[in-house]
Structures are given as C-alpha cells and as structure tokens.
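Below, each chain spelled out in residue letters.
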Amino acid sequence: MNNIMTQLLNPFFYWLAWIIIPLIVEVIPSIGSFFVLLHQKHKHKKLTEPAIWPDIVLIIPVYNSENSLEACLESVNACDYPNEHIEVYLVNNMSSDRSFEAFARAQERYPALRMNWLNSGQGKSRALNLAIYNSKGVYLINIDSDGYLEKSALKNMILYLENHREFTCLTGTILIRPEKIEEYKTFKSRLLRRIEFAEYAQAFLAGRNYASETNTMYTLSGAFSAFRMSSIRKSHLYNTETISEDTEITFQMRYIQKQKVGICSDAIYFTDPIEGVDKLYTQRQRWQRGSLEVARLYPQSKLRPWRFLRDTNVHTLLFDHTFAFPRMIWYLALVVLMVYGFSSTTVLISMGAIFLFYILCGYLYFYIGQYLLKPFPETRKYYLKRWGEVALLPFYNFVVFFIRLAGIINSINTRSSWKTDTLTREADKFRVAVRQMLGKVSKAIKRLTELVNYEGKYNE
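Now for a look at the structure at hand.

Reading guide: rules and limits
- Residues numbered from 1 in each chain as written.
- Predicted model: local features only at pLDDT ≥ 70, side-chain atom pairs only at ≥ 80, totals over all residues.
- Heavy atoms only, no water.
- Core = buried A, V, L, I, M, F, W, Y, C linked by side-chain atoms within 4.5 Å.
- Buried < 20%, exposed > 50% of the residue type's maximum accessible area, 1.4 Å probe, protein only.
- Contact = heavy atoms within 4.5 Å.
- Phe/Tyr/Trp six-rings, centres within 6.5 Å; stacked < 30°, edge-to-face > 60°.
- Helix = DSSP H or I, 4+ residues; strand = E, 2+ residues; numbered from the N terminus.
- Lys NZ or Arg CZ within 6 Å of the ring centre and 35° of its normal.
- Axes fitted to C-alpha atoms, helices over the stretch in contact; angles between N-to-C directions.
- Left-handed = near helix turned anticlockwise from the far one by under 90°.
- Nonpolar A, V, L, I, M, F, W, Y, C, P; charged D, E, K, R; others polar.

### Quick look at the nonpolar core
Counting 88 residues, the largest nonpolar core has V88, I143 and F224 as the members making the most contacts within it. For F224, the residues in contact, after removing those within four places along its chain, are I141, N142, I143, L149, A153, M157, T171, G172, I174, A267, I268 and Y269. Judged by nonpolar contacts, the second largest core, of 10 residues, contains L192, L393, Y396 and I403.

Here you go:
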C-alpha cells in the first residue's frame, strides 16, 4: 500500500513543483494581463488639449555627463511642448568632467530654452530635492542626462495628466536607443543589446501598462517620471538613505498619500544600451538592493505576508526576494530529481514546457507592444524586427535571476553604494579567496604531515 501511495504522490508533487506553481505564479497572470491590456486599449479615449499649456519644471541631474548632456538638451528644445512653459534645472551632482561647459554651449545654441545650473551635494536624491526646493510650476518632470526624449514625450505626458486627474504621478516609457545598438560591430554584442531592447519594451509597454490599469504600479522610472507639483511638495521628497529613490517615492505616493500611480505609454525616453555584462551585473544588483532597502525603510506593518494577494508591493517583494531562494532550490533540485529516479528526459521536457509558456507570454506582450508603438513608426519598425529576440527573453531572464540573487546575498554583508563590484571584480575576489583558502589548507596539511613524521621518529 505504501509503495502504491508513493508511486502516486511522487509524480504529483513533481508536477506541482515544476509545472503548477510556475503556471499559477507567473504564466497565468501574464496571460490574464494580456487580455486586460487588450480590452483597455480598444476603449482608449481621445484626449483634450488644454486651452493654455501649464508651466512645467524639468529637472536633469548631472553627473559626468559631458558626452551626453548636449544631446539631451537638444531633445528638450526639439520637443513640441512650448519652450515658454518649460523651465529646466540642471543639478550638478559633483561632476569631475566638463559637464558645465556642455551646459554653456547648450545655452548658446538654444537661447529660447530657460535653463538654470545648480550645484548639489553627492547623490541623485539630493540633486533632485535641491531643484524641487528652488522651482515653481504646475508639474515637475525629471529625466536622466544620458538619454533623450522623443519629440512628443513632454506634451503626451502633460496631456495625460490633464485628462486623468485621478493620477498624481506617471512614469514614462523607457526604451533603448536603436541607433546605439546597431553601432556595435559584432553580432554577439548587438544580440545582447537587442534582447535588452525587447526586455525594456516588454517591461514598460506591457508590464507597467498592466500595473497602471490595475493600480498596482511598483516603481516609477528614475529616468523619466512626472509629478503634480502639489503632490510632490506634500511628500517627504526623495529619500537620501537609499539607492532606489524612485521606488521609495512611489511607495510614498501609494501608501502615505493614497494616490494613483500610472504610466504614459506614449511618452518615450530613449536611454543608452548596457555597456557590457559587468554593467548589467552591477545595475541589476543595485536595483535588487534598492528594493530591499525601501522595504526596510517602510513601516513593516504595511508589508505583512498575508497582504500578498491584494498589495502589489508585498507581492513584488515576496516574489522577487523571499521567493528567490525557493526558485533557486527548484533549479538545483534537477540533480536531486534525477537521483530519485526521474529520468533526465522527463526533467528536460518539463522545463522545456515551462520555457515554452514563458515564450508564449513574451509574444503576447510583443503584440501589445507593437500596438502601442503605432504612433511611432520608426521605433515600431525596429521593435517588429526584434521578434526573434523575444524567444530568447526567458533565457536572458534566467541569467538575470541569478544576478538578482547575488544582489540579495551581497546586500547582507556590504554597505549600500552606487559603486557595486562588477562580475569581473567579484570573480577576481573569488579566485583570490579560493587561493588563500587552498593555501591555508596546504599549510595545515604540511604542518600535520611534519607533526606525524616527527612523532614517528620519536617513537622509534
């Protein structure tokens, strides 16, 4: 009887762990979000332009931005939002290059654009807060200095806020610069950046759009976000104790001010592609660490596990952090399952089935993305060419998962900092640590051998 029960239960628990749990936690919500987005986009209403465009304050933190600042300011000047209603604050975050000279050249080239230069202490949060203290306007928008705005980005952002009074703040859509991706000479280098482009498009055009529709937005993008000035002044401003100030300000808006946070999908900001694997490693670790820091800063009574189903912040923290270790165990359990009699063919087929589901979800999101990019034919054309990279996203995300896991581990025993060790540096440290450990073991064995030989001679 026990043998029969074991034979029945073993396959059940196997498929529960490897098929049912991933389906319930990840795949089914992805498919559901596709249909929610499809329904919402078909009932999209036409927005009404205001009689007078409101004044906006545009904040650009500057840190060693000599090579990108002029292009960024050129995109602001080229926007179809009236220049007379824009005031730009460039906040220098202790740059050590010639960023100010780039600013001075931009002043000469774009005299109709009102620009102010402020010097701030170290840290992006301090730079943003300084500009908020010194600015006036109806809306506040912050963008990074290492990218550029699509021509209609500012107008679309303000138009959305003017027509949707229920939203206090919005994130823009962040995409990777296509022209920069294609500048890489080798196919391998271009492939990594093309996958990154597909990842960003999926994350913003599908993922955050769904979060916006269901009022479950977890974080505003630090690269391009907009606020009603009245709301940002009521907040605690940007927190200087975390490297994830964009997530923390989102928590403030959602929990403290009880405001609705969303996305303006047709307000696009283009950023540079990732510089390499080392940069990807440090970037994703920093994001992971920042989320954990925000959770620590926030009142723990608001982050109880039983709020998992109805609170997106709890859901995201649990899934990205607490559940990271069980997912790690699922991956490592492949070997254990084979030891317990499951054939390698069965294990590989089940894992292949899960990855096929992920790929299917990716193409559902891909359809949503190309639909939302219709107003931008050139970007949409490039996105449609990335249909092949969509199939590689689950494998890319698999690698990123382990990087995030390393971020959790590193956050335990290292101080928070924007300067995180790269993969190469950590590998070097690991090799040094292994050599030191082997050296100590070798010395211990040598001493033990000498001791044994000495005692042997003594006994003779």
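The discussion continues.
### Notes on the packing of aromatic side chains
How two aromatic rings sit relative to each other is given by the distance of their centres and the angle of their planes. The final tally for this structure, using the stated rule, is 12 aromatic pairs. Both rings, one in F224 and one in Y269, keep their centres 6.3 Å apart while their planes meet at 45°; by these two values the pair is tilted. Highlighted residues: F224 in strand β7 (residues 224-228) and Y269 in strand β8 (residues 260-271), separated in sequence by 45 residues. The exposure class of F224 is buried, given its relative accessible area of 0%. Taken together, F197, Y363, F366, Y382 and Y383 form an aromatic cluster joined through their ring pairs. The ring of Y184 has R193 sitting right over it, with the charged end atom 4.0 Å from the ring centre. For R386, the ring lying beneath its charged end belongs to Y382, and the centroid distance is 4.6 Å.

### Considering unusual backbone geometry
Phi is mostly negative for residues that are not glycine, and the peptide bonds are mostly trans. In this model, N64 sits at a positive phi of 50°, which is unusual for a non-glycine residue. Its identity as a non-glycine residue notwithstanding, M94 has a phi of 60°, on the positive side. Within the secondary structure, M94 is located in the loop between β2 (86-92) and α3 (99-109).

### A short note on the packing of helix α7 (residues 187-213) against helix α14 (residues 377-384)
Across the interface, α7 lies against α14 with an axial gap of 11 Å and an inter-helix angle of 115°. As α7 packs across α14, the resulting crossing turns out to be left-handed. The residues of α14 that touch α7, namely those facing R194, F197 and A201, are T379, Y382 and Y383. Here the residues of the contact of α7 with α14 are counted per class, giving four nonpolar, one polar and one charged.

### Quick notes on the environment of Y184
Topologically, Y184 is positioned in the loop between α6 (178-181) and α7. On the basis of relative accessibility, which here comes to 25%, the residue Y184 falls in the partly exposed class. Not counting residues within four places of it along the chain, the set of residues in contact with Y184 comprises S189, R190, R193, P273, I274 and E275.

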